[in-house]
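In case you want the letters, here they are:
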Amino acid sequence: MEVLFAVLIGCFFGAAIYLMLSKHTVRILLGVALLGNGVNLLLFTTGRLVREVPPIIPAGLDTLAPGTANPLPQALILTAIVISFSFFAFLLVLTYRAYQELGTDDSDDMRLAEPRDEPLPPMGY
Amino acid sequence: MNTLILRTVAPGLTALMLLFSIFVLLRGHNEPGGGFIGGLIAASALAIYGIAFGVGAVRRAMRFHPMTIAGAGLFMSTISGLVSILFGVPFMTGLWIYPSFLGAEVPLSTVMSFDLGVYLVVLGSIVSIALALEQDSEPEEQAVAPLPSPAELRPEVKKRRDPRRRAKESR
Amino acid sequence: MATAQSVPVDLSAALVLSPPPLGDWLVVAPVVLMIGLGALLMMVRKSVRLHGAIAVAGLAALVVVDAALLWRVSTHGPVTMVMGRWLPPFGIAFTADILGSVMALVSAIVGLAAGFFGLRDIDAAGRRYGFFPFLMLLMAGVSGAFLTGDIFNLYVWFEVLLISSFGLLILGSEPEQIEGAMKYALLNLIGTTLFLIAVGYLYAIFGTLNMADLVGRATLMSERAPLTTLTALFILAFAMKAAAFPVNFWLPASYHTPRIVVSALFGGLLTKVGIYSLLRVAIMLLPVEREQLSIAIAVSAVLTMMVGALGALAQSDTRRLVGYVVIAGIGNMMAGIAIGTPAAVSGAVLYAVHSMVTMTALYLVVGEAARLGGSWSLATLGGLYRRSPWFASASFLLMLAAAGLPPMSGLWPKVALLKAAIDIGAWWLAGAILGSAFILTLALARVLLLAYWRPRPQTRIDAPTAVVAPAADWRIILPLGGLTVLTLGFGLFPEPLLQLAQAAAEGLANPQAYIHSVFPGGAAP
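Residues numbered from 1 in each chain as written. Chains lettered and ligands numbered in written order. Predicted model: local features only at pLDDT ≥ 70, side-chain atom pairs only at ≥ 80, totals over all residues.

Considerations on the overall build of chain B
Tallying secondary structure elements over chain B gives seven helices and four strands in all. Taken from the N to the C terminus, the helices and strands of chain B come in the order α-α-α-α-β-β-β-β-α-α-α. Taking all 171 residues of chain B together, the buried fraction comes to 35%. Summarising the internal contacts of chain B: among those between residues at least 6 apart in sequence, 65% fall at separations of at least 24. (Helix = DSSP H or I, 4+ residues; strand = E, 2+ residues; numbered from the N terminus. Buried ≥ 20, exposed ≤ 12 C-beta atoms within 10 Å, placed from the backbone. Contact = placed C-beta atoms within 7 Å.)

Below you can see the structure in the form of structure tokens.
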């Protein structure tokens, strides 16, 4: 099962990197979102894959029953999902604004802050 | 997305979703649910309202600015964590009181007020992002009038296409 | 769950039973203070007049709290507070050692200076947009990153400071800013995602995320091969945050676009958070793997120094020039991490402290020069010495500091790093440190020559802004003068800071006190 998940995570990463290599900001954004999902799967897999037994100690016992799910990766994933979700929302707004302001989504054309023909400093006076 | 059906259904749907979001928030202590998901449901309720009636209507309905709500939530969560300094336990320890109202015992805790803070933070920040996205794509008149006539909707179409045209020109 | 008696399990072994001493609250106080104030400022967003006063008072309180924390840590040893009564490694721990508290204190001082400068630099529109709330949340993120004792929590603070830095970066919403923010946001997001991947693998290998617990388990580990990959991943992620050579291109693309006070904050604080995390992970958690990767880190350090210095030499825009000076400094700190001996690490800590203060001050100098001279370009600036000799002298001192020349603070960390490099026989590293400092001296001397010494160029058309520039008031003199005095003080009386840096390096190399503070009753089960 872990092997299957490793392959799946690899597919996620591959697709994400392919998208991020594009020069269109929307595709890069989609790539980042996909990467975030891949990482969440990775975190999930690192906590060992087990059957769906909730990690709650039954009444009368002091320890968890064997085979329960690991709650910690789930907490980590939840945090990571929250964060990547808010980042994605922010980046969506930013990309949209960039498209409106700069009139392009091609990262090669985004040279307003770093002009191509920037002069060298004067050699003397 | 400005159909008669949506505009008729939206107020009821928004109210229902807001109610459900509070149910999810309170359920969250012992069962699936909680402040984050509750806040998301509430934010999507307001987003539906915004789709139907425009950004201005949502802003009026909320009374406070979304970021003010988020700030209040953050402040509430911080204070909930800080209460434990008075009881000699570490930061963010859950503290419970059990007052009874009309004979029914109501457990209240700093855990719950923390979660309520999370609810408000999520509600405020997601609504402000959603409104920012929606505001850009609609003309000012629609943001003011809750029920625009079809004639007023035409400029919206034009304005939406505008950036693309600008992009083409720059290329 | 109405009554407490229905809890079936005895959890007393996993709970904090004795009340924590009030002094322990100092560990969480900086973060709580900043988040609380940030939330308060968000709530009173209508009355922007209050913002400045509340924020500056809060930042001054932050300096006091951090100073108290440093005092407590240096007298009582590392301080720990766990969240929600759960004992580590179950509860999230905040642990402050000398390194963390020194960095937190210096960042608070830098934040205070930026707060003062912001009173002048940020107009009502910027305040309404939320400069001061974002500043508070940024400081919360920075303080949290320096004081946390849990590696996933470190990731969370990274994100907190990242999201508030996005807000600060697009303050004003000009096209250049949105473009810069786009590049900054995407690359930094990828960097933190790499960090998250590394945290996932770390958890898979060790089954814990508490740093003190990790140190104990890492030394017991016999199978080291996965750890090397893991360390490489951590180093890549933090190098991206710190803007080290192969992954530094986001910094010159974005740091010159926002308001100058925001650039000053970023240049002073954000890259140093990356360096701090690198010190924490590479020196304290995984020292054996850092040893194996030291050549790679050293090569990256040399290239970072050279790229920074040469980039500074080629810039005409003063803000971008300072951005490259920041990068050159990062190279020096990376060199300290690559060498890895306690002397070198203390040199890197010293350099980080110096760089936080000097780089913030240098950005403020550039901003003030642009206000007086009406331009960011070296081609059109001029005559600043004649306009304001005091400002010119302060700038001169700060440029000496940035170049690493006596009598300023830049000298001592460079000396420490040079000595450490020569001690292990890495002459090429020592040569790179000297060479980069030499080129930086040239670049900064040219700024001095062109912008300050040269008479004002006559063929100017955009003169009106310069002519009407009002005289500097206390909101500019106080932060600039304060930071200059601070760097001069470090330079003339380096002894206390040297001792602190040595103690910090010692604490990283032998983290017994750190572990004892988290697990008072011995190591975790």
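Structure shown, so let's carry the discussion forward.
Structural notes on the UniProt feature "transmembrane region" (unreviewed entry) in chain A
Residue and element names in this part refer to chain A. The positions UniProt marks with the feature "transmembrane region" (unreviewed entry) are residues 6-21, 28-45 and 75-94. Taken end to end, residues 28-45 is 100% helix and 0% strand, and its two terminal C-alpha atoms sit 25 Å from one another. End-to-end, the C-alpha atoms of residues 75-94 are 29 Å apart, and along that stretch the chain is 100% helix and 0% strand. (UniProt positions renumbered as here; feature names shortened; annotations may be inferred.)

Notes on the environment of C:G308
Residues and elements named next belong to chain C. Relative to the helices and strands, G308 resides in helix α13 (residues 294-314). It is 8.0 Å that separates the C-alpha atoms of G308 and G331, two residues lying 23 residues apart in sequence. Ignoring any residue separated from it by four or fewer positions in sequence, one finds G308 in contact with Y324, V325, I327, A328, G331 and S436.

Concerning the interface of chain C and chain A
Residue-level contacts link 35 residues of chain C with 36 residues of chain A. Counting only elements with at least two residues in the side of chain C that touches chain A, the list comes to α6 (151-169), α7 (175-206) and α19 (427-453) of chain C. Sort the elements by how many residues they give to the side of chain C that touches chain A and α7(C) lands first, with 18 residues. For the side of chain C that touches chain A, the class distribution of residues is 24 nonpolar, six polar and five charged. (Nonpolar A, V, L, I, M, F, W, Y, C, P; charged D, E, K, R; others polar.)

A closer look at the UniProt feature "domain: Na+/H+ antiporter MnhB subunit-related protein" (unreviewed entry) in chain B
Here, UniProt's "domain: Na+/H+ antiporter MnhB subunit-related protein" (unreviewed entry) annotation points to residues 5-127 of chain B. Here residues 5-127 of chain B is 69% helix and 7% strand, with 23 Å between the C-alpha atoms at its ends.

A look at the confidence of the model for chain B
Residue and element names in this part refer to chain B. Per-residue confidence for chain B gives a mean pLDDT of 78, with 78% of residues at or over 70. Of all helices and strands in chain B, the one with the weakest mean pLDDT is helix α7 (residues 150-170) (38), whereas helix α1 (residues 4-27) scores best (93). Confidence over residues 139-171 falls short of pLDDT 50; this stretch has 30 contacts with residues more than four positions distant or in other chains. Per the prediction output, this complex has pTM 0.89; the corresponding ipTM is 0.93. (pLDDT = per-residue confidence, 0-100.)

Describing the packing of helix α14 (residues 318-339) of chain C against helix α18 (residues 411-423) of chain C
Residue and element names in this part refer to chain C. Where α14 meets α18, the closest approach of the two axes is 10 Å, and the angle between their N-to-C directions is 35°. Relative to α18, α14 is oriented so that their crossing is left-handed. The residues of α18 that touch α14, namely those facing N332, A335, G336 and I339, are K414, L417, A420 and A421. Within the contact of α14 with α18, the residues separate by chemical class into five nonpolar, two polar and one charged. (Axes fitted to C-alpha atoms, helices over the stretch in contact; angles between N-to-C directions. Left-handed = near helix turned anticlockwise from the far one by under 90°.)

A few points about the nonpolar core
With 277 residues, the main nonpolar core has C:L279 and C:L440 as its most contacted residues. Residue contacts for C:L279: discarding those within four places in its chain leaves C:L99, C:I337, C:V345, C:A348 and C:L508. (Core = buried A, V, L, I, M, F, W, Y, C linked by C-beta atoms within 7 Å.)

Brief notes about the packing of helix α15 (residues 342-373) of chain C against helix α21 (residues 474-492) of chain C
All names here are of chain C. Running from amino to carboxyl end, α15 crosses α21 at an angle of 140°, the nearest separation of the two axes being 10 Å. As for the relative orientation of α15 and α21, their crossing is left-handed in sense. In contact with H354, V357, T358, T360, A361, L364, V365 and E368 of α15, α21 contributes I476, P479, L480, L483, T484, L486, T487 and F490. Taken together, the residues of the contact of α15 with α21 sort by class into 10 nonpolar, five polar and one charged.

Considerations on the environment of B:V58
Relative to the helices and strands, B:V58 is located in helix α3 (residues 55-62). Sequence separation of B:V58 and B:F114 is 56 residues, and the distance between their C-alpha atoms is 26 Å.

Looking at unusual backbone geometry
All names here are of chain C. Following P406, the chain continues into P407 via a peptide bond in cis, with omega recorded as 5°. Relative to the helices and strands, P407 resides in the loop between α17 (389-403) and α18. Backbone geometry at S173 places phi at a positive 55°, although glycine is not the residue there. Mapped onto the elements of the fold, S173 is located in the loop between α6 and α7. Unlike most non-glycine residues, A243 shows phi in positive territory, near 65°. The topology assignment puts A243 in the loop between α9 (225-242) and α10 (250-254).

Digging into helix α2 (residues 48-76) of chain C
Residues and elements named next belong to chain C. End to end, α2 covers 41 Å across 29 residues, agreeing with the expected 42 Å (1.5 Å per residue, within 8%). Among all positions of α2, only V48, H51, G52, A55, G58, L59, L62, V65, D66, L69, L70 and V73 are buried. For α2, the secondary structure elements touched by its buried residues are α1 (25-43), β1 (79-82), β2 (93-96), α3 (98-121), α4 (124-129) and α5 (131-147). One or two residues past the end of α2 sits G77, with phi positive at roughly 85°. (Expected span 1.5 Å × (residues − 1).)

Some thoughts on the UniProt feature "transmembrane region" (unreviewed entry) in chain B
Residues and elements named next belong to chain B. Following the UniProt record, one finds the feature "transmembrane region" (unreviewed entry) at residues 12-29, 35-58, 70-96 and 116-133. Here residues 12-29 is 89% helix and 0% strand, with 27 Å between the C-alpha atoms at its ends. Between the end C-alpha atoms of residues 70-96 there is a gap of 25 Å, over a span that is 48% helix and 4% strand.

Quick look at the pairing of β1(C)
Residue and element names in this part refer to chain C. Neither face of β1 is left uncovered, since the one carrying V79 and M81 and the one carrying T80 and V82 both have all their residues buried. By the bridge criterion, four bridges tie β1 to β2 in an arrangement that is antiparallel. In the strand pairing of β2, M81 is matched with F94. (Pairing = 2+ DSSP bridges.)

Thoughts on α3(B)
Residues and elements named next belong to chain B. Taken as a whole, α3 has its buried residues at V55, A57 and V58. Projected onto a plane normal to the axis of α3, the buried residues spread over an arc of 160° and lie on a single side. One or two positions beyond α3, positive phi appears at R63, with a value near 65°. (Arc of directions from axis to C-beta.)

Considerations on the environment of C:K241
Residue and element names in this part refer to chain C. For K241, the position within the fold is in helix α9. In this structure the C-alpha to C-alpha distance between K241 and S277, which are 36 residues apart in sequence, comes to 9.5 Å. Ignoring any residue separated from it by four or fewer positions in sequence, one finds K241 in contact with G191, V273 and G274.

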